[in-house]
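These are the residues of each chain, in order.
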Amino acid sequence: MSLKKQINTKTKNILICVASVIAVAAIVFSIYIVTQNKKDFDSYTKNGISMGTVITVKTYGNTTAPKAEAIMSIINGLDDTISWRKEGSAVSKINNGEKVKLADLSTIVSQCNTISKDSDGAFDPTIGRVSTLWDFGGENERLPSKEEISEALKTVDYTKINKNGSVYISDGQLLDLGAIGKGYACDLIKQYLSTTDIEGAVVSVGGSILAYGNRNKAKDNWRIAIKHPRKDNAFLGTISIDEGFVSTSGDYEKYFEKDGKRYHHILDARTGYPAESDLISVTIVAENGLKSDALSTACFILGSEKGKELAELYKVKAIFVDKDENVDVIGDIDFELSK
Amino acid sequence: MNYSDLAYGIPRNQLRYELGIKRCDIIILVVSILLWICLFVSGDDQGDNVKAVVYSSGQLVYEKSLSQIDEDEQITKDFNGVKIVFTSEGVWVEESTCPNQLCVKQSSINIDGEAIACIPQRVVVSLESETTDIDIVTY
């Protein structure tokens, strides 16, 4: 072999070596970058109880602990305003006949009334006198008599709420914002988070979810599992969203059984009894917490056919589960059914 | 021996020992490194290590990894009047001084994201995992 050929072969081999090393380095570096991007930001988790339910706050990024604490304060503050059980709360004052001027409350009532109208009164925030009778989850949980329900139903009428300036209701009415309070808390939390430098947060206020920002540099979607309505220790499936609000209403969360019949806590404001639709679980994905919360309740009460129409009217995404456990996905949702 | 048996004037067989580099060696090296990286990355995944965390009045008061509990072992602890049982299979509330007993009626929890709350006693026990596929649960 000539010297020139020998040198060429040697150079070629060296080039192969160098190229291989560079290729390996590039692969290693790429994998490192991907791994780092997939790795979640520093996080902080806090659980607590407020609004009569379980709160879970997971914050991601810098100084996450103080922000999680601030979120808990926001929820507690809202509870002090809208809980009808708390003496001195704004809603308690309204229920005692006072006129209350509060921007938050006017916003809530206005949005509630719109959904009440669009659901033909199936959802109604003036259901307080009926829900007090049933007292689901309370110390006086019971099956009220027909007469009691009939009497209490006379007070249910959202059109009688005055929301111009001050909020006040008619004599005998009781305001119960339980069906939207958790979702509205999520709205307030989002407002707060948008003023901070937090990377991301996912918050559950009694199962009403706010997914905000990102948990890692790769900006992977949040994965939100839906509780299976009929199986313990199981999920129906998982929703994947970049940001937004998710609420679920089901007949399994708060209920009691009497004479072999299950009485769940989602009351139909038109009958005063637990809703008897063909649905056992409704999950709504929306861009507003109050809407997602109110619509999950309203759609549950209305049933699959009218519920679907309502969901489409509000342009929200939904997952309906009927009594035969058939799952209907409405709208474009990244939803994976559990195996 | 002819020229084709030589590289740089050295027999090829000998060259393998002298330089220790061949294309197939490089391929083996690359594959080995990739395998090592895969093992390294998957090493972060420490399996389904679910831990139970207990909050009382908003404060974290107890943590226990379920995988650290023996199969036939039951750990019972009292948190503000709420007796919680921890086993390798799950967690449940055995007794509570609360009036409605909803926490006691709730079945045991054993998957990440589940929780039992005793609202009157302000106690929450939930299951968490760092290797979970879910961020939160809607219910």
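About the cut-offs
Residues numbered from 1 in each chain as written. Chains lettered and ligands numbered in written order. Predicted model: local features only at pLDDT ≥ 70, side-chain atom pairs only at ≥ 80, totals over all residues. Heavy atoms only, no water. Helix = DSSP H or I, 4+ residues; strand = E, 2+ residues; numbered from the N terminus. Rg over C-alpha atoms; globule rule 2.2 N^0.38 Å. Buried < 20%, exposed > 50% of the residue type's maximum accessible area, 1.4 Å probe, protein only. Contact = heavy atoms within 4.5 Å. Areas by Shrake-Rupley, 256 points an atom, 1.4 Å probe, with all protein chains shown as cover. Lys, Arg positive; Asp, Glu negative; His and termini not counted. Charge placed at Lys NZ, Arg CZ, Asp CG, Glu CD. Buried area = accessible area lost by both parts, 1.4 Å probe. Salt bridge = Lys/Arg side-chain N within 4 Å of Asp/Glu carboxyl O. Polar contact = N/O pair within 3.5 Å; in protein donor to acceptor, adjacent residues only side chain to side chain. Patch = residues over 30% accessible without salt bridge, like charges linked within 9 Å, V, L, I, M, F, W, Y side chains within 5 Å. Phe/Tyr/Trp six-rings, centres within 6.5 Å; stacked < 30°, edge-to-face > 60°. Lys NZ or Arg CZ within 6 Å of the ring centre and 35° of its normal. Core = buried A, V, L, I, M, F, W, Y, C linked by side-chain atoms within 4.5 Å. Pairing = 2+ DSSP bridges. Axes fitted to C-alpha atoms, helices over the stretch in contact; angles between N-to-C directions.

K.L.:
Just to check I follow, could you spell out the overall build of chain A for this structure?
P.N.:
Summing up its helical and strand segments, chain A has 8 helices and 13 strands in all. Relative to the compact-globule value of 20 Å for 339 residues, chain A shows a C-alpha radius of gyration of 26 Å, a clear excess of over 25%. Each principal axis of the C-alpha distribution contributes one length, and for chain A these read about 110 × 45 × 35 Å. Looking at the 339 residues of chain A, the share that counts as buried comes to 51%. Contacts spanning at least 24 positions in sequence make up 60% of the contacts within chain A whose residues lie at least 6 apart. In the structure as shown, chain A presents an accessible area of about 15900 Å², 48% of it carried by carbon and sulfur atoms. The centroid of the 42 positive side-chain charges in chain A is displaced by 9 Å from the centroid of its 46 negative side-chain charges.

K.L.:
Please explain the interface of chain B and chain A as it appears in this structure.
P.N.:
Where interface size is given, it is often the accessible area lost as the parts come together that is meant. Every contact between the two is made by 42 residues of chain B and, on the other side, 52 residues of chain A. With both sides pooled, the region where chain B packs onto chain A buries about 3800 Å², and carbon together with sulfur makes up 61% of that total. At the surface where chain B touches chain A, the tally comes to 2 salt bridges. Of the charged contacts in the structure, one is a salt bridge between A:Arg215 and B:Asp135, with a shortest N-O distance of 3.5 Å. Inspection of the chain B/chain A interface yields 17 residue pairs in polar contact (both at pLDDT 80 or more).

K.L.:
Where do I start with a negative patch on the surface in this structure?
P.N.:
Negative charge collects at one region of the surface, where B:Asp70, B:Glu71, B:Asp72, B:Glu73 and B:Glu89 lie side by side. Here B:Asp72 is to be found in the loop between strand S4 (59-65) and strand S5 (75-79).

K.L.:
Would you mind going over the packing of aromatic side chains with me for this structure?
P.N.:
The description of two aromatic rings rests on the distance between their centres and on the angle between their planes. Within the structure shown, the criterion is met by 10 aromatic pairs over all chains. Their ring planes at 40° and their centres at 6.3 Å tell us that A:Trp134 and A:Phe256 sit as a pair that is tilted. In this pair, A:Trp134 sits in helix H5 (residues 128-134) while A:Phe256 sits in strand S8 (residues 255-258), placing the two residues 122 residues apart along the sequence. Taking 5.7 Å as the distance between ring centres and 45° as the angle between the ring planes, the aromatic pair formed by B:Tyr62 and B:Phe79 counts as tilted. Residue B:Tyr62 is found in strand S4, and its partner B:Phe79 is found in strand S5; the two are separated by 17 residues along the sequence. Of the two residues, B:Tyr62 and B:Phe79, both sit in the buried class. Of the aromatic side chains, those joined through ring pairs into one cluster are A:Trp134, A:Phe136, A:Phe256, A:Tyr263 and A:Tyr273. When the ring centre of A:Tyr168 is taken as reference, the NZ or CZ atom of A:Lys99 above it lies at 4.5 Å. Over the aromatic face of A:Tyr255 sits the side chain of A:Arg262, whose NZ or CZ is 4.1 Å from the ring centroid.

K.L.:
In this structure, what is going on with the nonpolar core? I would like to understand it.
P.N.:
General note: in soluble globular proteins, nonpolar side chains tend to be found buried as a group. By size, the foremost hydrophobic cluster in this structure holds 60 residues, and its most contacted members are A:Leu105, A:Ile108, A:Leu177 and A:Val205. With 10 residues, the top contributor of residues to this core is helix H8 (residues 289-313) of chain A. Discounting residues that sit within four places of it in the chain, A:Leu177 has contacts with A:Ile82, A:Val91, A:Leu105, A:Ile108, A:Cys112 and A:Pro125. Counting 21 residues, the second-largest nonpolar core is a separate cluster that includes B:Val50, B:Val54, B:Cys103 and B:Val123.

K.L.:
In this structure, what is going on with the sheet that holds strand S3 (residues 50-56) of chain B? I would like to understand it.
P.N.:
Within a sheet, each strand pairs with its neighbour through backbone hydrogen bonds, oriented either parallel or antiparallel. Residue and element names in this part refer to chain B. Strands sit in the order S4-S3-S9-S8 across an open sheet of 4 strands; the sheet is antiparallel. Both edges of this open sheet fall to S4 and strand S8 (115-118), since each of them pairs with a single strand only. Across this sheet, the average inter-strand angle for adjacent strands is 20°, counted without regard to direction. Relative to strand S9 (residues 123-129), S3 is paired through 7 bridges, and the arrangement is antiparallel. Among the inter-strand pairings, Tyr-55 is bridged to a residue of S9, identified as Val-124.

K.L.:
Honestly, the pattern of salt bridges in this entry has me stumped. Any pointers?
P.N.:
Close approach of charged atoms allows side chains with opposite charge to pair. Taken as a whole, this structure holds 15 salt bridges over all chains when the rule is applied. By sharing partners, the salt bridges in this structure join A:Asp79, A:Asp80 and A:Lys86 into a single network.

K.L.:
Please clarify how the sheet that holds strand S5 (residues 222-227) of chain A should be interpreted in this entry.
P.N.:
Taken together, the 4 strands give an open sheet; going across it, the order is S13(A)-S6(A)-S5(A)-S10(B), and neighbouring strands pair in mixed fashion. Only two strands of the sheet have a single neighbouring strand rather than two, namely strand S13 (334-337) of chain A together with strand S10 (136-138) of chain B. Taking the axes of each pair of neighbouring strands and ignoring which way they run, one obtains an average angle of 30° across the sheet. Two strands pair when backbone bridges link them, and strand S6 (residues 235-241) of chain A and S13(A) are joined in this way by 4 bridges, in the antiparallel orientation. Opposite A:Thr238, over in S13(A), you have A:Glu336 as the bridge partner.

K.L.:
How do you make sense of the pairing of S5(A) when you look at a structure like this?
P.N.:
Two faces make up the sheet, and in a regular strand the side chains alternate between them. Burial analysis of S5(A) places 5 of its 6 residues in the buried class, which makes it a mostly covered element. In this structure, S5(A) lies alongside S10(B), joined through 3 bridges in parallel fashion. Directly across from A:Ala225, in S10(B), lies its bridge partner B:Val137.

K.L.:
For this particular structure, what's the right way to read the environment of A:Gly250?
P.N.:
Residue and element names in this part refer to chain A. Here Gly-250 is to be found in strand S7 (residues 244-250). Relative accessible area serves as the criterion here: at 3%, Gly-250 is assigned to the buried category. Remark: the alpha-carbon pair of Gly-250 and His-264, spanning 14 residues in sequence, is separated by 8.5 Å. With residues near it in sequence (within four places) discarded, Gly-250 still touches His-265, Ile-266, Ile-280, Ser-281 and Phe-300.

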